[in-house]
Amino acid sequence: MSESGMNESGERAGGIQVIDRAVCLMQALARYPHPVTLKVVAAECGLHPSTAHRILAALADHHWVDKHPDGYALGSAMVRLAARARPAPRWREIALPVLDALRDELGESVNLTVREGDEVVYVERSVPNRMMRVEQVIGTRAPLHVTSVGKILLGAEGVPAMTRYAERTGLLAMTANTIRNTDTLIKTCLEAAQTGVAFDNEEAEVGVGCIGVLVRDMDGVPVAGLSISCPIERRQEAWVANLKAAAKQIEARLNGV
């Protein structure tokens, strides 16, 4: 066998080995309902901790794995891939009646968003019949850090993931109020994840304020975001309760409860 053939064979074998190890690590993480320590997941796959750490770090860069303070867990990219493996939710049929009811209740625009990479995408909306209103075009995208829903999603990923997001995106400024500091982003998003609600304070668009919560599937995995958008002077924190109740209604419809 030629040297070039041996090199080619060696590279191929090495590549397959890395994939096998990565799959083993993700399968190990999937067996636990909570984050798992490096020591445990490495032992389950028969890997040296330093080897497991390198692979997990690479997976985390692509959101296949999330690093938490107490260990590792499957990441948002894995969740999104799993969601695509089953029929996509018929969001208009599922959510629109709830969006319309919330719009009528509060007299403001209501949006449904889903995450794609480092952005949220507006997939459905319901707008009031009033002259001064906020209207998001379906298909519009916005960076996670300037949206209420995006902040909750970032906070749920943990500090390392938020730090990587800030480095990757540069925390693009949409207005003078956009969060541009990583420490501020982390503090804001961790609080949002803890409370389950977040606010956009004219960070995506001057004069516009939003309140957002998450919609989860039957396993508690975030699958969408629900938000109210309105002129900032009309926004009321009391709407948080209405928004959370509407999210629960969508979850019930989504999960067939």
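Below: a short report on this structure. The model shown is predicted, which means the values in this text are computed figures rather than measured ones.

Things to note about the nonpolar core
Working step 1: Core analysis: the largest hydrophobic core is formed by 26 residues, its most contacted members being W91, L99, L102, L112, L226, L243 and I250.
Working step 2: At the level of elements, α5 (91–106), β3 (109–116), β7 (208–216), β8 (222–231) and α9 (239–254) are the ones that each hand at least two residues to this core.
Working step 3: If you tally residues by element for this core, the top one is α5, at eight residues.
Working step 4: Other than its neighbours up to four places away in sequence, W91 contacts L96, L112, V114, V123, V223, A224, I250 and L254.
Working step 5: L153, A166, I186 and L214 belong to the second-largest nonpolar core, a separate cluster that totals 19 residues.

Here we look at the packing of α5 against α9
Working step 1: Direction vectors running N to C along α5 and α9 enclose 160°, while the axes themselves pass 9 Å from each other. Relative to α9, the element α5 lies roughly antiparallel. Both α5 and α9 take part in a crossing whose hand is right-handed. Contacts between α5 and α9 pair W91, E93, I94, A95, P97, V98, L99, L102, E105 and L106 from the former with W239, N242, L243, A246, Q249, I250, R253 and L254 from the latter.

Overview of the pairing of strand β6 (residues 198–201)
Working step 1: Of the two faces of β6, the one holding A198 and D200 is buried and the one holding F199 and N201 is not buried anywhere.
Working step 2: Sheet analysis places β6 next to β7, joined by four bridges and oriented antiparallel. Residue pairing for β7: N201 is matched across the bridge by G209.
Working step 3: Hairpin connection, β6 to β7: the antiparallel pair is bridged by six residues, and E202 has positive phi, about 55°.

Quick look at helix α3 (residues 49–61)
Working step 1: Taking 1.5 Å as the rise per residue, α3 with 13 residues should run 18 Å; its terminal C-alpha atoms sit 18 Å apart, in good agreement.
Working step 2: Among the residues making up α3, those that are buried are T51, A52, I55, L56, L59 and A60. Take α3 and look down its axis: the buried residues cluster within an arc of 165°, on one side only.
Working step 3: Immediately downstream of α3, the backbone of H63 shows phi near 70°, a positive value.

A short note on the state of the cysteines
Working step 1: The final tally for this structure, using the stated rule, is one disulfide.
Working step 2: Disulfide partner of C24: C45, at an S-S distance of 2.3 Å. Disulfide C24 to C45: torsion about the S-S bond roughly -105°, handedness left-handed. Separated by 21 residues along the polypeptide, C24 in helix α1 (residues 3–30) and C45 in the loop between α2 (38–44) and α3 bring together distant segments of the chain.

Basis of the calculations
Residue numbers restart at each chain and count upward from 1, following the sequence in its written direction. Where local features are concerned, this predicted model is filtered to residues with pLDDT of at least 70; where side-chain atom pairs are given and counted, the filter is 80 or more; whole-chain, interface and lining totals use all residues. Heavy atoms from the whole structure form the basis of all side-chain values; hydrogens and water molecules are not counted. Residues belong to a common nonpolar core when they are buried Ala, Val, Leu, Ile, Met, Phe, Trp, Tyr or Cys residues joined through side-chain atoms within 4.5 Å. Note on classification: 1.4 Å probe, protein chains only; a residue is buried when its accessible area is under 20% of the maximum for its type, exposed when over 50%, partly exposed between these limits. Here a strand is any run of E in DSSP of at least two residues, a helix any run of H or I of at least four, and the numbering for each starts at the N terminus. Only heavy atoms matter for contacts: two residues are in contact if any of them lie within 4.5 Å across the pair. Axis definition: a line fit to C-alpha positions, over the contact stretch in the case of helices; interaxial angles, taken between N-to-C directions, run 0 to 180 degrees. Angles below 35 degrees are treated as roughly parallel, those above 145 as roughly antiparallel, those between 65 and 115 as roughly perpendicular, and all remaining angles as oblique. By definition, turning the near helix anticlockwise from the far helix through less than a right angle yields a left-handed crossing, and turning it clockwise yields a right-handed one. Only strands that DSSP links by at least two bridges are regarded as paired with each other. Here a helix's expected span is defined as the number of its residues, less one, multiplied by 1.5 Å. What the arc covers is the set of directions going from the helix axis to the C-beta atoms. When the sulfur atoms of two cysteines come within 2.5 Å, that pair is taken as a disulfide.

Geometry only, nothing functional implied.
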